[in-house]
Amino acid sequence: MPENSKKMTNLRQVSRPLVVVLAYDGLCTFEFGVGVEIFGLPRPELGDEWYRFAVAGSDDGELRATGGIRILTDGGLDLLESADLIVVPGWRGMDAPVPAALCEALRRANARGCQLLSICSGVFVLAASGLLNGRKATTHWRYIEALKARYPAIGVVEDVLYQDEGDILTSAGSAAGIDLCLHVVRRDYGMETANSVARRLVIPPHRDGSQPQQLSRPVAQLRESQRLGQLFDFLHNHLSVSHSVDSLARRVGMSQRTFLRRFQAATGTTPARWLLNERLLRAKDYLESSRLSIDSIAEQTGFGQAATLRHHFRQQFALSPAQYRKQFARPPR
């Protein structure tokens, strides 16, 4: 299983956690918008416990973003002092120096327990602060070699959508930032809430962080895409049932060889690995939101026995199901 989600923290341990998105002159508009869209929009359908949100300017004077946009902020770097999560959008350039004051503010925030999240080239801001030394991180495939060359103390992970180190999270290029931000929502508020946010965005609710950035065939033919989409819906509704490659291939009317190739192209992983990940996510959701026994959760998520669930859960998350429930169970509303 991938290592990029073993260390976990949960902002729900804080009442109405504050998310602060950085803004600076030369800001990458799309990545900034991702942070605003996921964390900054009011979500009355989710109650009163949603994130608080602010934009912090790291530069004095007018802040310009790509596309001729001008940014007004809620304050300066002082906002980072009370943040629970700081989002660092794409930086203004690999060769652009990162101000010492910004690096120091990020170090202070992280030292007191604030989580840091970078999108795309925003990783160069975290790298300049020294907080990624000895840690794993990723970025857009175009910047991988530059990141490795300039910051050899970072364990650069080359072909994943995002890397979760617990208190520091990094994503690949632009759209992978959406996946990472949804991963944070899923971790903090559970799968049901993350799915609700994804529905408003009209995007798939989950792409595993270990999925490759570049797929050899990222877009399936229309008929194949429809068939696989129907298969994913079927599997989500039948996670408790045992599935074989042969049975799944027959369901979509493909040979086993063709099915495996198409599935890999669409998801970046194998059917077995995809099923395991979805079952673990469902188990997490049950642990957070229900009082079902571990045995019952194991049965309903397709693991069969509690021992099998415990093995895979601990291997993936470095916690037992019982420990996870004790840490992250949501109080009933």
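Report on the accompanying structure. Since the structure is predicted, the reported quantities are computational estimates derived from the model, not experimental observations. (Residues numbered from 1 in each chain as written. Predicted model: local features only at pLDDT ≥ 70, side-chain atom pairs only at ≥ 80, totals over all residues. Heavy atoms only, no water.)

## A short note on the overall build of the protein chain
- Scanning the protein chain from terminus to terminus reveals 13 helices and 10 strands.
- Restricting the contact set of the protein chain to residue pairs at least 6 apart, pairs at least 24 apart contribute 67%.
- Accessible surface, the protein chain as shown: approximately 15200 Å² in total, 50% of it carbon and sulfur. (Helix = DSSP H or I, 4+ residues; strand = E, 2+ residues; numbered from the N terminus. Contact = heavy atoms within 4.5 Å. Areas by Shrake-Rupley, 256 points an atom, 1.4 Å probe, with all protein chains shown as cover.)

## Section: the pairing of strand β5 (residues 85–88)
- In β5, alternate side chains face the same way, and those of Leu85 and Val87 on one face and Ile86 and Val88 on the other are all buried.
- With three bridges connecting them, strand β1 (residues 18–23) and β5 associate as parallel partners. By the bridge assignment, Val19 is partnered in β5 with Leu85.
- Each parallel crossover has a hand, and the one from β5 via helix α2 (residues 100–111) to strand β6 (residues 115–118) is right-handed. (Buried < 20%, exposed > 50% of the residue type's maximum accessible area, 1.4 Å probe, protein only. Pairing = 2+ DSSP bridges. Right-handed = clockwise from strand over helix to strand, strands pointing away.)

## Points about the nonpolar core
- The biggest cluster of nonpolar side chains holds 71 residues, and the ones touching the most others in it are Phe39, Ile86 and Leu106.
- In terms of residue count, helix α5 (residues 176–189) provides more of this core than any other element does, eight residues in total.
- Ile86 has contacts with Val20, Leu22, Leu80, Leu106, Ala109, Cys114, Gln115, Leu116 and Leu117, leaving out every residue within four places of it along the chain.
- Leu276, Ala283, Tyr286 and Ala306 belong to the second-largest nonpolar core, a separate cluster that totals 16 residues. (Core = buried A, V, L, I, M, F, W, Y, C linked by side-chain atoms within 4.5 Å.)

## Let's talk about the sheet that holds strand β10 (residues 168–171)
- With mixed pairing, the six strands of this open sheet are ordered in space as β2-β1-β5-β6-β10-β9. Every interior strand has two partners, whereas the edge strands, β2 (52–57) and β9 (162–164), have only one. Mean inter-strand twist for the sheet, computed between neighbouring axes without regard to direction, equals 15°.
- Alignment of β9 against β10, held across three bridges, turns out to be antiparallel. Across the sheet, Tyr162 pairs through a bridge with Ser171, a residue of β10.
- Sheet strands in contact with α5 are β5, β6, β9 and β10, and its direction is about 145° off that of β10. (Axes fitted to C-alpha atoms, helices over the stretch in contact; angles between N-to-C directions.)

## Remarks on the packing of aromatic side chains
- Tallied over the entire structure, the rule returns 12 aromatic pairs.
- Ring centres 5.6 Å apart and planes at 75° place the aromatic pair Phe232 and Phe263 in the edge-to-face group. Placement of Phe232 in helix α7 (residues 222–237) and of Phe263 in helix α9 (residues 256–267) is noted, with a sequence separation of 31 residues between them.
- On the basis of relative accessible area, Phe232 is assigned to the buried category, the value being 18%.
- Phe263 sits in the buried class, given a relative accessible area of 0%.
- Put simply, the rings of Phe39, Trp50, Tyr51 and Tyr189 touch in pairs and so form one group of aromatic residues.
- The ring of Phe234 carries Arg251 above its face, with NZ or CZ at 3.6 Å from the centroid. (Phe/Tyr/Trp six-rings, centres within 6.5 Å; stacked < 30°, edge-to-face > 60°. Lys NZ or Arg CZ within 6 Å of the ring centre and 35° of its normal.)

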